[in-house]
Amino acid sequence: MAVRGSGLGLAAVAEALGSSEQALRLIVSILMVPLHQLPLNICGYPFALFQRYFLFQKEVYLIHLYNTLTGLSIAYFNFGAQFFHSLLCVLIQFLILRLMGRTITAVCTTFCFQMTYLMAGYYFTATEHYDIKWTMPHCVLTLKLIGLAIDYYDGGQVVGIASTDPILGIALPSASTQSLVIKREQSTIIFPKEVLTPEQQRFAVRGVPTLLEVSGFSYFYGAFMVGPQFSMTDYQKLARGEMTDVPGQRPNSFVPALKRLTLGLICLVIYTLLSPYVSDEYFLSDKFLEQSFWFRCFYMLVWGKVVLYKYVTCWLVTEGVCILIGLGYNGQDENGKPKWDACANMKVWLYETTPLFTGTIASFNINTNAWVARYIFKRLKFLGNKLLSQALALFFLAIWHGLHSGYLVCFQMELLIVIVEKQVVSLVRNSPALSTLASITVLKPVFYVLQQTNHWMFMGYSLVSFCLFTWDKWLKVYSSVYFIGHVLFLTLLFGLPYIHRMLVPRKEKLKKAE
(Lines give C-alpha, C1' and ligand atoms only; values in the text may rest on other atoms or scores of the structure.)
Protein backbone atom coordinates (compact mmCIF):
# COMPACT_ATOMS: atom_id res chain seq x y z
CA MET A 1 0.00 0.00 0.00
CA ALA A 2 1.46 3.33 -1.01
CA VAL A 3 1.26 6.43 1.11
CA ARG A 4 -1.77 8.37 -0.02
CA GLY A 5 -1.26 11.93 -1.11
CA SER A 6 2.51 11.59 -1.42
CA GLY A 7 2.84 9.46 -4.50
CA LEU A 8 1.59 11.73 -7.29
CA GLY A 9 5.08 12.46 -8.57
CA LEU A 10 6.29 8.90 -8.08
CA ALA A 11 3.20 7.52 -9.82
CA ALA A 12 3.93 9.64 -12.88
CA VAL A 13 7.61 8.62 -12.90
CA ALA A 14 6.71 4.95 -12.45
CA GLU A 15 4.25 5.11 -15.32
CA ALA A 16 6.86 6.74 -17.54
CA LEU A 17 9.38 4.02 -16.63
CA GLY A 18 6.92 1.20 -17.18
CA SER A 19 7.20 0.19 -13.54
CA SER A 20 4.81 -0.04 -10.62
CA GLU A 21 4.71 2.69 -7.99
CA GLN A 22 5.33 0.11 -5.23
CA ALA A 23 8.48 -1.12 -6.98
CA LEU A 24 9.74 2.43 -7.46
CA ARG A 25 9.14 3.21 -3.78
CA LEU A 26 11.14 0.16 -2.78
CA ILE A 27 14.00 1.16 -5.04
CA VAL A 28 14.03 4.72 -3.75
CA SER A 29 14.21 3.28 -0.24
CA ILE A 30 17.68 2.02 -1.01
CA LEU A 31 19.46 3.89 -3.77
CA MET A 32 16.87 5.60 -5.95
CA VAL A 33 17.68 3.53 -9.03
CA PRO A 34 14.71 3.22 -11.46
CA LEU A 35 14.36 -0.38 -12.56
CA HIS A 36 11.32 -2.32 -13.72
CA GLN A 37 9.91 -4.25 -10.75
CA LEU A 38 13.31 -5.07 -9.27
CA PRO A 39 13.09 -5.61 -5.50
CA LEU A 40 16.23 -3.58 -4.84
CA ASN A 41 16.92 -1.81 -1.58
CA ILE A 42 19.56 0.96 -1.71
CA CYS A 43 18.74 4.38 -0.03
CA GLY A 44 20.71 2.99 2.91
CA TYR A 45 23.87 4.58 1.54
CA PRO A 46 23.01 8.19 2.50
CA PHE A 47 21.85 6.95 5.92
CA ALA A 48 25.06 4.93 6.32
CA LEU A 49 27.27 7.88 5.39
CA PHE A 50 25.52 10.08 7.96
CA GLN A 51 25.90 7.44 10.68
CA ARG A 52 29.53 6.83 9.72
CA TYR A 53 30.63 10.46 9.90
CA PHE A 54 28.31 11.97 12.51
CA LEU A 55 27.29 9.15 14.88
CA PHE A 56 30.39 6.95 15.14
CA GLN A 57 31.08 6.17 18.82
CA LYS A 58 28.33 8.52 19.99
CA GLU A 59 25.94 7.54 22.79
CA VAL A 60 24.44 4.14 21.99
CA TYR A 61 20.89 5.36 22.52
CA LEU A 62 21.43 7.82 19.64
CA ILE A 63 22.45 4.94 17.36
CA HIS A 64 19.38 2.92 18.35
CA LEU A 65 17.09 5.92 17.92
CA TYR A 66 18.59 6.78 14.52
CA ASN A 67 18.22 3.21 13.23
CA THR A 68 14.66 2.98 14.55
CA LEU A 69 13.52 6.25 12.97
CA THR A 70 15.19 5.63 9.61
CA GLY A 71 13.81 2.09 9.44
CA LEU A 72 10.31 3.23 10.36
CA SER A 73 10.48 5.98 7.74
CA ILE A 74 11.43 3.41 5.09
CA ALA A 75 8.56 1.18 6.20
CA TYR A 76 6.05 4.04 6.10
CA PHE A 77 7.34 5.30 2.76
CA ASN A 78 6.83 1.88 1.18
CA PHE A 79 3.74 0.56 2.92
CA GLY A 80 1.93 3.48 4.54
CA ALA A 81 -0.07 2.67 7.63
CA GLN A 82 0.71 -1.03 7.20
CA PHE A 83 4.08 -0.38 8.85
CA PHE A 84 2.21 -1.05 12.11
CA HIS A 85 2.53 -4.82 11.45
CA SER A 86 6.27 -4.72 12.04
CA LEU A 87 5.93 -2.28 14.93
CA LEU A 88 3.39 -4.49 16.68
CA CYS A 89 5.58 -7.59 16.35
CA VAL A 90 8.64 -5.76 17.67
CA LEU A 91 6.72 -4.48 20.71
CA ILE A 92 5.25 -7.90 21.47
CA GLN A 93 8.66 -9.50 21.08
CA PHE A 94 10.12 -7.09 23.61
CA LEU A 95 7.33 -7.96 26.06
CA ILE A 96 7.97 -11.68 25.54
CA LEU A 97 11.64 -11.24 26.40
CA ARG A 98 10.90 -9.16 29.48
CA LEU A 99 7.94 -11.10 30.88
CA MET A 100 9.02 -14.67 30.06
CA GLY A 101 12.76 -14.20 30.45
CA ARG A 102 15.41 -16.63 29.27
CA THR A 103 13.12 -19.64 29.04
CA ILE A 104 12.10 -22.32 26.60
CA THR A 105 8.57 -20.96 26.93
CA ALA A 106 9.74 -17.59 25.60
CA VAL A 107 11.46 -19.26 22.64
CA CYS A 108 8.41 -21.37 21.77
CA THR A 109 6.05 -18.43 22.21
CA THR A 110 8.22 -16.28 19.96
CA PHE A 111 8.42 -18.93 17.26
CA CYS A 112 4.69 -19.63 17.28
CA PHE A 113 3.59 -15.99 17.42
CA GLN A 114 6.01 -14.58 14.84
CA MET A 115 5.51 -17.41 12.35
CA THR A 116 1.72 -17.37 12.80
CA TYR A 117 1.62 -13.61 12.24
CA LEU A 118 3.71 -13.98 9.09
CA MET A 119 1.57 -16.87 7.80
CA ALA A 120 -1.59 -14.85 8.43
CA GLY A 121 -0.04 -11.96 6.50
CA TYR A 122 0.70 -14.27 3.59
CA TYR A 123 -2.82 -15.68 3.67
CA PHE A 124 -4.66 -12.36 3.65
CA THR A 125 -2.39 -10.63 1.11
CA ALA A 126 -1.66 -13.52 -1.27
CA THR A 127 -2.09 -13.09 -5.02
CA GLU A 128 -0.96 -15.14 -8.00
CA HIS A 129 1.88 -12.72 -8.70
CA TYR A 130 4.93 -11.42 -6.88
CA ASP A 131 3.83 -8.26 -5.07
CA ILE A 132 5.87 -5.78 -3.07
CA LYS A 133 3.91 -5.55 0.16
CA TRP A 134 4.53 -5.41 3.90
CA THR A 135 5.08 -9.18 4.17
CA MET A 136 8.32 -8.89 2.16
CA PRO A 137 10.37 -7.13 4.88
CA HIS A 138 8.30 -8.84 7.55
CA CYS A 139 9.68 -12.27 6.66
CA VAL A 140 13.18 -10.85 7.24
CA LEU A 141 12.02 -9.39 10.56
CA THR A 142 10.48 -12.71 11.60
CA LEU A 143 13.81 -14.53 11.40
CA LYS A 144 15.54 -11.69 13.20
CA LEU A 145 13.13 -11.77 16.16
CA ILE A 146 13.12 -15.57 16.44
CA GLY A 147 16.92 -15.57 16.41
CA LEU A 148 16.94 -12.87 19.08
CA ALA A 149 14.73 -14.98 21.38
CA ILE A 150 16.96 -18.02 20.98
CA ASP A 151 20.17 -16.01 21.51
CA TYR A 152 18.62 -14.39 24.58
CA TYR A 153 17.84 -17.83 25.98
CA ASP A 154 21.40 -18.98 25.24
CA GLY A 155 22.70 -15.90 27.04
CA GLY A 156 21.24 -17.24 30.27
CA GLN A 157 23.04 -20.53 29.73
CA VAL A 158 26.37 -18.76 29.29
CA VAL A 159 26.35 -16.47 32.31
CA GLY A 160 24.58 -18.82 34.66
CA ILE A 161 21.26 -17.00 35.00
CA ALA A 162 18.49 -19.18 36.35
CA SER A 163 15.27 -17.80 34.87
CA THR A 164 11.84 -18.68 36.12
CA ASP A 165 9.59 -20.32 33.59
CA PRO A 166 6.08 -18.77 33.86
CA ILE A 167 4.42 -22.00 32.76
CA LEU A 168 6.28 -24.45 34.97
CA GLY A 169 6.64 -21.96 37.80
CA ILE A 170 10.16 -23.18 38.56
CA ALA A 171 13.68 -21.92 38.08
CA LEU A 172 15.51 -23.10 34.98
CA PRO A 173 19.20 -24.00 35.05
CA SER A 174 22.20 -22.47 33.40
CA ALA A 175 25.30 -24.10 31.94
CA SER A 176 27.58 -22.72 34.62
CA THR A 177 26.85 -25.61 36.96
CA GLN A 178 26.74 -29.32 36.37
CA SER A 179 23.12 -29.52 37.49
CA LEU A 180 20.45 -27.59 39.31
CA VAL A 181 18.39 -29.31 41.98
CA ILE A 182 14.99 -27.80 42.78
CA LYS A 183 12.68 -29.00 45.53
CA ARG A 184 9.02 -28.43 44.80
CA GLU A 185 6.16 -30.00 46.75
CA GLN A 186 8.43 -32.66 48.24
CA SER A 187 9.77 -33.69 44.83
CA THR A 188 13.22 -33.17 43.46
CA ILE A 189 13.87 -32.09 39.88
CA ILE A 190 17.41 -32.44 38.55
CA PHE A 191 18.33 -30.53 35.40
CA PRO A 192 21.47 -31.74 33.62
CA LYS A 193 24.03 -29.22 32.47
CA GLU A 194 23.37 -27.85 28.97
CA VAL A 195 26.59 -27.18 27.09
CA LEU A 196 26.54 -24.50 24.41
CA THR A 197 28.59 -24.83 21.27
CA PRO A 198 31.23 -22.16 20.51
CA GLU A 199 28.89 -20.77 17.86
CA GLN A 200 26.00 -20.50 20.32
CA GLN A 201 28.27 -18.83 22.87
CA ARG A 202 29.39 -16.29 20.26
CA PHE A 203 25.84 -15.17 19.44
CA ALA A 204 24.38 -15.47 22.95
CA VAL A 205 22.86 -12.22 24.25
CA ARG A 206 24.15 -11.78 27.79
CA GLY A 207 22.52 -8.50 28.80
CA VAL A 208 18.86 -7.51 28.83
CA PRO A 209 18.06 -5.51 25.66
CA THR A 210 16.04 -2.32 26.07
CA LEU A 211 13.03 -1.51 23.92
CA LEU A 212 15.04 1.06 21.97
CA GLU A 213 17.82 -1.47 21.43
CA VAL A 214 15.41 -4.11 20.12
CA SER A 215 13.78 -1.51 17.87
CA GLY A 216 17.11 -0.32 16.45
CA PHE A 217 18.15 -3.90 15.83
CA SER A 218 14.85 -4.69 14.11
CA TYR A 219 14.60 -1.55 11.98
CA PHE A 220 18.23 -1.11 10.97
CA TYR A 221 17.87 0.58 7.58
CA GLY A 222 20.61 -1.43 5.84
CA ALA A 223 18.81 -4.75 6.29
CA PHE A 224 15.16 -3.97 7.03
CA MET A 225 13.74 -4.56 3.55
CA VAL A 226 15.63 -7.56 2.14
CA GLY A 227 18.22 -8.52 4.76
CA PRO A 228 20.90 -9.64 5.40
CA GLN A 229 20.45 -11.37 8.73
CA PHE A 230 22.77 -10.43 11.57
CA SER A 231 22.83 -11.11 15.29
CA MET A 232 21.98 -8.84 18.20
CA THR A 233 25.53 -9.25 19.53
CA ASP A 234 27.00 -7.88 16.29
CA TYR A 235 24.48 -5.04 16.32
CA GLN A 236 25.46 -4.18 19.91
CA LYS A 237 29.12 -4.08 18.89
CA LEU A 238 28.20 -1.78 16.02
CA ALA A 239 26.34 0.58 18.36
CA ARG A 240 29.36 0.69 20.68
CA GLY A 241 31.68 1.48 17.77
CA GLU A 242 33.55 -1.83 18.03
CA MET A 243 32.88 -3.10 14.50
CA THR A 244 36.03 -1.62 13.05
CA ASP A 245 39.45 -2.79 11.91
CA VAL A 246 41.08 0.15 13.73
CA PRO A 247 39.93 0.33 17.37
CA GLY A 248 38.66 3.79 18.27
CA GLN A 249 38.52 4.95 14.64
CA ARG A 250 36.03 4.68 11.80
CA PRO A 251 36.40 1.42 9.87
CA ASN A 252 38.46 1.46 6.68
CA SER A 253 35.48 0.06 4.85
CA PHE A 254 34.74 2.66 2.20
CA VAL A 255 36.60 0.85 -0.61
CA PRO A 256 35.23 -2.64 0.25
CA ALA A 257 31.71 -1.17 0.35
CA LEU A 258 32.25 0.54 -3.00
CA LYS A 259 33.43 -2.74 -4.52
CA ARG A 260 30.27 -4.57 -3.47
CA LEU A 261 28.10 -1.70 -4.71
CA THR A 262 29.89 -1.71 -8.05
CA LEU A 263 29.56 -5.47 -8.38
CA GLY A 264 25.88 -5.18 -7.53
CA LEU A 265 25.37 -2.53 -10.20
CA ILE A 266 27.11 -4.74 -12.77
CA CYS A 267 24.65 -7.51 -11.95
CA LEU A 268 21.88 -4.92 -12.20
CA VAL A 269 22.97 -4.05 -15.74
CA ILE A 270 23.09 -7.74 -16.70
CA TYR A 271 19.59 -8.29 -15.35
CA THR A 272 18.24 -5.14 -16.99
CA LEU A 273 19.62 -6.08 -20.40
CA LEU A 274 18.61 -9.74 -20.39
CA SER A 275 15.37 -9.90 -18.38
CA PRO A 276 13.14 -8.50 -21.18
CA TYR A 277 14.06 -11.55 -23.29
CA VAL A 278 13.36 -14.20 -20.62
CA SER A 279 10.13 -13.49 -18.78
CA ASP A 280 8.00 -15.64 -16.48
CA GLU A 281 4.95 -14.96 -18.64
CA TYR A 282 6.52 -16.64 -21.66
CA PHE A 283 6.42 -19.99 -19.85
CA LEU A 284 2.61 -19.82 -19.81
CA SER A 285 2.17 -18.68 -23.39
CA ASP A 286 1.06 -20.86 -26.29
CA LYS A 287 4.19 -19.83 -28.14
CA PHE A 288 6.36 -21.54 -25.52
CA LEU A 289 4.38 -24.76 -25.86
CA GLU A 290 4.81 -24.66 -29.64
CA GLN A 291 8.60 -24.75 -29.31
CA SER A 292 10.61 -27.97 -29.39
CA PHE A 293 11.40 -29.88 -26.22
CA TRP A 294 15.07 -28.93 -26.34
CA PHE A 295 14.27 -25.25 -26.82
CA ARG A 296 12.02 -25.34 -23.77
CA CYS A 297 14.81 -26.89 -21.72
CA PHE A 298 17.34 -24.35 -22.97
CA TYR A 299 14.97 -21.46 -22.25
CA MET A 300 14.50 -22.80 -18.71
CA LEU A 301 18.29 -22.87 -18.27
CA VAL A 302 18.83 -19.29 -19.46
CA TRP A 303 15.79 -17.95 -17.58
CA GLY A 304 16.95 -19.54 -14.32
CA LYS A 305 20.38 -17.96 -14.63
CA VAL A 306 19.01 -14.49 -15.44
CA VAL A 307 16.18 -14.35 -12.91
CA LEU A 308 18.54 -14.89 -9.99
CA TYR A 309 20.51 -11.76 -10.83
CA LYS A 310 17.83 -9.56 -9.30
CA TYR A 311 18.41 -11.26 -5.94
CA VAL A 312 22.18 -11.13 -6.40
CA THR A 313 21.92 -7.38 -7.08
CA CYS A 314 19.82 -6.74 -3.99
CA TRP A 315 22.13 -8.58 -1.64
CA LEU A 316 25.35 -7.14 -3.03
CA VAL A 317 24.06 -3.57 -2.77
CA THR A 318 22.69 -3.96 0.76
CA GLU A 319 25.88 -5.70 1.82
CA GLY A 320 27.73 -2.57 0.77
CA VAL A 321 25.59 -0.52 3.18
CA CYS A 322 26.46 -2.86 6.04
CA ILE A 323 30.16 -2.78 5.18
CA LEU A 324 30.18 1.02 4.96
CA ILE A 325 29.17 1.47 8.61
CA GLY A 326 31.25 -1.48 9.86
CA LEU A 327 28.58 -4.14 10.39
CA GLY A 328 30.29 -6.28 7.75
CA TYR A 329 33.54 -6.47 9.74
CA ASN A 330 34.47 -10.09 10.40
CA GLY A 331 37.88 -9.96 12.04
CA GLN A 332 41.13 -10.59 10.20
CA ASP A 333 42.40 -13.35 7.96
CA GLU A 334 45.58 -15.35 8.46
CA ASN A 335 47.58 -12.54 6.87
CA GLY A 336 46.21 -9.92 9.23
CA LYS A 337 44.02 -8.27 6.62
CA PRO A 338 40.51 -7.22 7.68
CA LYS A 339 37.60 -9.28 6.40
CA TRP A 340 34.32 -7.55 5.50
CA ASP A 341 32.11 -10.56 4.80
CA ALA A 342 30.09 -10.77 8.02
CA CYS A 343 26.96 -9.64 6.14
CA ALA A 344 27.80 -11.29 2.82
CA ASN A 345 24.82 -12.96 1.20
CA MET A 346 26.74 -13.86 -1.96
CA LYS A 347 30.05 -15.47 -2.84
CA VAL A 348 29.99 -14.22 -6.41
CA TRP A 349 32.99 -16.08 -7.81
CA LEU A 350 31.86 -19.41 -6.37
CA TYR A 351 28.31 -18.74 -7.54
CA GLU A 352 29.45 -18.07 -11.12
CA THR A 353 31.96 -20.90 -11.40
CA THR A 354 30.68 -23.85 -9.36
CA PRO A 355 29.28 -26.76 -11.38
CA LEU A 356 27.58 -28.22 -8.30
CA PHE A 357 24.18 -27.55 -6.76
CA THR A 358 25.74 -27.66 -3.31
CA GLY A 359 28.18 -24.98 -4.47
CA THR A 360 25.31 -22.71 -5.47
CA ILE A 361 23.60 -23.26 -2.14
CA ALA A 362 26.87 -22.40 -0.34
CA SER A 363 27.25 -19.18 -2.35
CA PHE A 364 23.65 -17.92 -2.60
CA ASN A 365 21.60 -16.27 0.19
CA ILE A 366 24.37 -17.20 2.61
CA ASN A 367 23.09 -15.42 5.72
CA THR A 368 19.58 -16.85 5.49
CA ASN A 369 20.99 -20.34 4.97
CA ALA A 370 23.34 -19.83 7.92
CA TRP A 371 20.39 -18.65 10.04
CA VAL A 372 18.37 -21.77 9.21
CA ALA A 373 21.39 -23.99 9.88
CA ARG A 374 22.09 -22.30 13.23
CA TYR A 375 18.57 -22.00 14.63
CA ILE A 376 16.65 -24.83 12.94
CA PHE A 377 18.88 -27.58 11.53
CA LYS A 378 21.41 -27.78 14.38
CA ARG A 379 18.68 -27.39 17.03
CA LEU A 380 17.04 -30.53 15.62
CA LYS A 381 20.06 -32.61 16.53
CA PHE A 382 17.98 -34.37 19.19
CA LEU A 383 16.09 -36.16 16.39
CA GLY A 384 19.21 -38.21 15.70
CA ASN A 385 18.59 -38.15 11.94
CA LYS A 386 20.51 -35.70 9.78
CA LEU A 387 18.35 -36.22 6.70
CA LEU A 388 15.15 -35.64 8.68
CA SER A 389 16.62 -32.48 10.21
CA GLN A 390 17.58 -31.26 6.74
CA ALA A 391 14.10 -31.99 5.39
CA LEU A 392 12.42 -30.12 8.27
CA ALA A 393 14.79 -27.18 7.82
CA LEU A 394 13.89 -26.97 4.13
CA PHE A 395 10.20 -27.27 5.00
CA PHE A 396 10.60 -24.31 7.34
CA LEU A 397 12.30 -22.35 4.55
CA ALA A 398 9.45 -23.17 2.19
CA ILE A 399 6.64 -21.95 4.44
CA TRP A 400 8.74 -18.96 5.51
CA HIS A 401 8.81 -17.86 1.87
CA GLY A 402 5.03 -18.16 1.55
CA LEU A 403 1.98 -20.41 1.44
CA HIS A 404 2.03 -21.13 -2.30
CA SER A 405 2.57 -24.74 -3.31
CA GLY A 406 5.44 -23.73 -5.57
CA TYR A 407 7.71 -23.04 -2.61
CA LEU A 408 7.22 -26.53 -1.23
CA VAL A 409 7.88 -28.10 -4.62
CA CYS A 410 11.03 -26.02 -5.10
CA PHE A 411 12.62 -26.94 -1.78
CA GLN A 412 11.54 -30.58 -2.14
CA MET A 413 13.37 -30.57 -5.46
CA GLU A 414 16.41 -28.98 -3.82
CA LEU A 415 16.58 -31.74 -1.22
CA LEU A 416 16.24 -34.44 -3.88
CA ILE A 417 18.96 -32.93 -6.08
CA VAL A 418 21.39 -32.48 -3.18
CA ILE A 419 20.94 -36.09 -2.04
CA VAL A 420 21.52 -37.41 -5.56
CA GLU A 421 24.48 -35.11 -6.19
CA LYS A 422 26.23 -36.31 -3.04
CA GLN A 423 25.70 -39.91 -4.16
CA VAL A 424 27.13 -39.15 -7.61
CA VAL A 425 30.20 -37.41 -6.13
CA SER A 426 30.76 -40.36 -3.81
CA LEU A 427 30.40 -42.78 -6.71
CA VAL A 428 32.97 -40.95 -8.87
CA ARG A 429 35.39 -40.68 -5.94
CA ASN A 430 35.16 -44.33 -4.92
CA SER A 431 35.01 -45.94 -8.35
CA PRO A 432 38.51 -46.52 -9.78
CA ALA A 433 37.21 -46.38 -13.36
CA LEU A 434 35.22 -43.18 -12.94
CA SER A 435 37.86 -41.40 -10.88
CA THR A 436 40.50 -42.22 -13.51
CA LEU A 437 38.22 -40.95 -16.27
CA ALA A 438 37.46 -37.75 -14.36
CA SER A 439 41.17 -37.08 -13.81
CA ILE A 440 42.05 -37.00 -17.53
CA THR A 441 43.22 -33.44 -18.15
CA VAL A 442 41.98 -33.20 -21.75
CA LEU A 443 38.44 -34.21 -20.76
CA LYS A 444 38.11 -31.89 -17.75
CA PRO A 445 36.82 -28.89 -19.78
CA VAL A 446 34.24 -31.16 -21.44
CA PHE A 447 33.07 -32.51 -18.09
CA TYR A 448 32.92 -28.97 -16.68
CA VAL A 449 30.69 -27.73 -19.53
CA LEU A 450 28.42 -30.75 -19.16
CA GLN A 451 28.21 -30.26 -15.40
CA GLN A 452 27.40 -26.56 -15.75
CA THR A 453 24.72 -27.29 -18.33
CA ASN A 454 23.14 -29.90 -16.10
CA HIS A 455 23.55 -27.63 -13.07
CA TRP A 456 21.79 -24.57 -14.51
CA MET A 457 19.21 -26.58 -16.41
CA PHE A 458 17.86 -28.13 -13.23
CA MET A 459 18.44 -25.00 -11.19
CA GLY A 460 16.06 -23.28 -13.59
CA TYR A 461 13.76 -26.29 -13.42
CA SER A 462 13.53 -25.98 -9.63
CA LEU A 463 13.00 -22.20 -9.80
CA VAL A 464 9.97 -22.56 -12.08
CA SER A 465 7.74 -23.57 -9.17
CA PHE A 466 9.37 -20.98 -6.88
CA CYS A 467 8.66 -18.08 -9.25
CA LEU A 468 5.30 -19.17 -10.68
CA PHE A 469 3.82 -19.88 -7.21
CA THR A 470 0.52 -21.66 -7.97
CA TRP A 471 0.13 -25.30 -8.86
CA ASP A 472 -1.75 -24.72 -12.14
CA LYS A 473 1.13 -22.60 -13.51
CA TRP A 474 4.15 -24.68 -12.50
CA LEU A 475 2.30 -27.88 -13.37
CA LYS A 476 1.73 -26.58 -16.91
CA VAL A 477 5.42 -25.79 -17.35
CA TYR A 478 6.66 -29.05 -15.83
CA SER A 479 4.25 -30.97 -18.03
CA SER A 480 5.69 -29.25 -21.10
CA VAL A 481 9.11 -30.76 -20.33
CA TYR A 482 7.60 -34.09 -19.18
CA PHE A 483 8.69 -33.59 -15.55
CA ILE A 484 12.24 -34.29 -16.66
CA GLY A 485 13.79 -33.11 -13.39
CA HIS A 486 11.61 -35.27 -11.17
CA VAL A 487 11.94 -38.30 -13.43
CA LEU A 488 15.72 -38.03 -13.76
CA PHE A 489 16.58 -37.45 -10.11
CA LEU A 490 14.09 -39.94 -8.72
CA THR A 491 15.46 -42.54 -11.12
CA LEU A 492 19.01 -41.74 -10.00
CA LEU A 493 17.98 -41.80 -6.35
CA PHE A 494 16.83 -45.39 -6.58
CA GLY A 495 19.26 -46.52 -9.29
CA LEU A 496 22.58 -45.18 -7.99
CA PRO A 497 22.94 -47.75 -5.17
CA TYR A 498 22.90 -50.53 -7.78
CA ILE A 499 25.36 -48.67 -10.00
CA HIS A 500 27.57 -48.17 -6.93
CA ARG A 501 27.67 -51.92 -6.33
CA MET A 502 28.66 -52.51 -9.94
CA LEU A 503 31.41 -49.88 -10.20
CA VAL A 504 32.85 -49.77 -6.70
CA PRO A 505 34.72 -52.94 -5.66
CA ARG A 506 34.36 -54.28 -2.17
CA LYS A 507 37.02 -53.47 0.40
CA GLU A 508 38.13 -57.09 0.48
CA LYS A 509 38.85 -57.04 -3.26
CA LEU A 510 40.74 -53.78 -2.92
CA LYS A 511 42.92 -55.23 -0.18
CA LYS A 512 43.74 -58.27 -2.31
CA ALA A 513 44.56 -56.04 -5.26
CA GLU A 514 47.00 -54.10 -3.09
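Residues numbered from 1 in each chain as written. Predicted model: local features only at pLDDT ≥ 70, side-chain atom pairs only at ≥ 80, totals over all residues. Heavy atoms only, no water.

Draft legend 1. Structural view of the packing of helix α3 (residues 44–54) against helix α15 (residues 309–325). Direction vectors running N to C along α3 and α15 enclose 5 degrees, while the axes themselves pass 9 Å from each other. One finds that α3 runs roughly parallel with respect to α15. When α3 is examined against α15, the residues Gly44, Tyr45, Ala48, Leu49, Gln51 and Arg52 are found in contact with a partner set consisting of Val317, Gly320, Val321, Leu324 and Ile325. Across the contact of α3 with α15, the residue classes tally to seven nonpolar, three polar and one charged. (Axes fitted to C-alpha atoms, helices over the stretch in contact; angles between N-to-C directions. Helix = DSSP H or I, 4+ residues; strand = E, 2+ residues; numbered from the N terminus. Parallel < 35°, antiparallel > 145°, perpendicular 65-115°, else oblique. Contact = heavy atoms within 4.5 Å. Nonpolar A, V, L, I, M, F, W, Y, C, P; charged D, E, K, R; others polar.)

Draft legend 2. Structural view of the environment of Phe469. Here Phe469 lies in the loop between α22 (444–468) and α23 (471–480). Under the relative-accessibility criterion, Phe469 is labelled buried at 6%. Considering only alpha carbons, one finds Phe469 and Tyr407, 62 residues apart in sequence, at a separation of 6.8 Å. Beyond its immediate chain neighbours, meaning those up to four positions away, Phe469 contacts Glu128, His129, Tyr130, His404, Ser405, Gly406, Tyr407 and Trp474. (Buried < 20%, exposed > 50% of the residue type's maximum accessible area, 1.4 Å probe, protein only.)

Draft legend 3. Just the pattern of salt bridges, in detail. By the definition in use, this model includes seven salt bridges. Where Lys378 meets Glu199, a salt bridge forms, and the shortest distance between an N and an O atom there is 3.1 Å. Placement of Lys378 in the loop between α18 (366–377) and α19 (386–401) and of Glu199 in helix α8 (residues 198–203) is noted, with a sequence separation of 179 residues between them. The exposure class of Lys378 is partly exposed, given its relative accessible area of 45%. Linked through salt bridges whose partners overlap, the residues forming this network are Glu199, Arg374 and Lys378. (Salt bridge = Lys/Arg side-chain N within 4 Å of Asp/Glu carboxyl O.)

Draft legend 4. View of the UniProt feature "transmembrane region" (unreviewed entry) in the protein chain. The UniProt feature table records "transmembrane region" (unreviewed entry) at residues 26–48, 60–77, 261–279, 308–329, 387–420 and 477–499. Its end C-alpha atoms 26 Å apart, residues 261–279 is made of 74% helix and 0% strand. Between the C-alpha atoms that bound residues 477–499 the distance is 31 Å, and the span itself is 87% helix and 0% strand. (UniProt positions renumbered as here; feature names shortened; annotations may be inferred.)

Draft legend 5. How the structure looks around a nonpolar patch on the surface. Taken together, the side chains of Leu49, Phe50, Tyr53, Phe54, Phe254, Val255 and Leu258 make up a nonpolar region of the molecular surface, amounting to roughly 670 Å² of accessible area. Counting residues per element, the ones that place at least two in the nonpolar patch are α3 and α11 (254–274). Here the nonpolar patch gets four residues from one element, more than from any other, and that element is α3. Secondary-structure assignment places Leu49 in helix α3. In this structure Leu49 comes out as partly exposed when scored by relative accessible area, which is 34%. (Patch = residues over 30% accessible without salt bridge, like charges linked within 9 Å, V, L, I, M, F, W, Y side chains within 5 Å. Areas by Shrake-Rupley, 256 points an atom, 1.4 Å probe, with all protein chains shown as cover.)

Draft legend 6. Summary view of the packing of aromatic side chains. Under the counting rule described, the total for this entry stands at 40 aromatic pairs. A centroid spacing of 5.2 Å and a plane angle of 80 degrees characterise the contact between Phe283 and Tyr299, whose relative ring orientation is edge-to-face. Separated by 16 residues along the polypeptide, Phe283 in helix α12 (residues 280–283) and Tyr299 in helix α14 (residues 293–307) bring together distant segments of the chain. Each of the two residues, Phe283 as well as Tyr299, counts as buried. Their ring planes at 70 degrees and their centres at 4.9 Å tell us that Trp315 and Phe364 sit as a pair that is edge-to-face. Here Trp315 is found in helix α15, whereas its partner Phe364 is found in the loop between α17 (357–363) and α18, with 49 residues between them in sequence. Its relative accessible area of 9% is what places Trp315 among the buried residues. Taken together, Phe47, Phe50, Phe54, Tyr66, Phe217, Phe220, Tyr221, Phe230 and Tyr235 form an aromatic cluster joined through their ring pairs. A cation over an aromatic ring shows up here: Arg102 above the ring of Tyr152, its NZ or CZ 4.1 Å from the ring centre. One cation-aromatic arrangement involves Lys144 over Phe217; the distance from NZ or CZ to the ring centre is 5.6 Å. (Phe/Tyr/Trp six-rings, centres within 6.5 Å; stacked < 30°, edge-to-face > 60°. Lys NZ or Arg CZ within 6 Å of the ring centre and 35° of its normal.)

Draft legend 7. Representation of helix α10 (residues 232–239) in the model. The buried count for α10 comes to seven of eight residues, which makes it a mostly enclosed element. Buried within α10 are the following residues: Met232, Thr233, Asp234, Tyr235, Gln236, Leu238 and Ala239. Phi for Gly241, located one or two positions after α10, is positive at around 80 degrees.

Draft legend 8. A look at the packing of helix α5 (residues 84–100) against helix α6 (residues 104–125). The interhelical angle for the contact between α5 and α6, taken along N-to-C directions, is 170 degrees, at an axis separation of 10 Å. Relative to α6, α5 is oriented roughly antiparallel. Judged by residue contacts, Phe84, His85, Leu88, Cys89, Ile92, Gln93, Ile96 and Met100 of α5 engage Thr105, Ala106, Thr109, Thr110, Phe113, Gln114 and Tyr117 from α6. Of the residues belonging to the contact of α5 with α6, the class tally is nine nonpolar, six polar and no charged.

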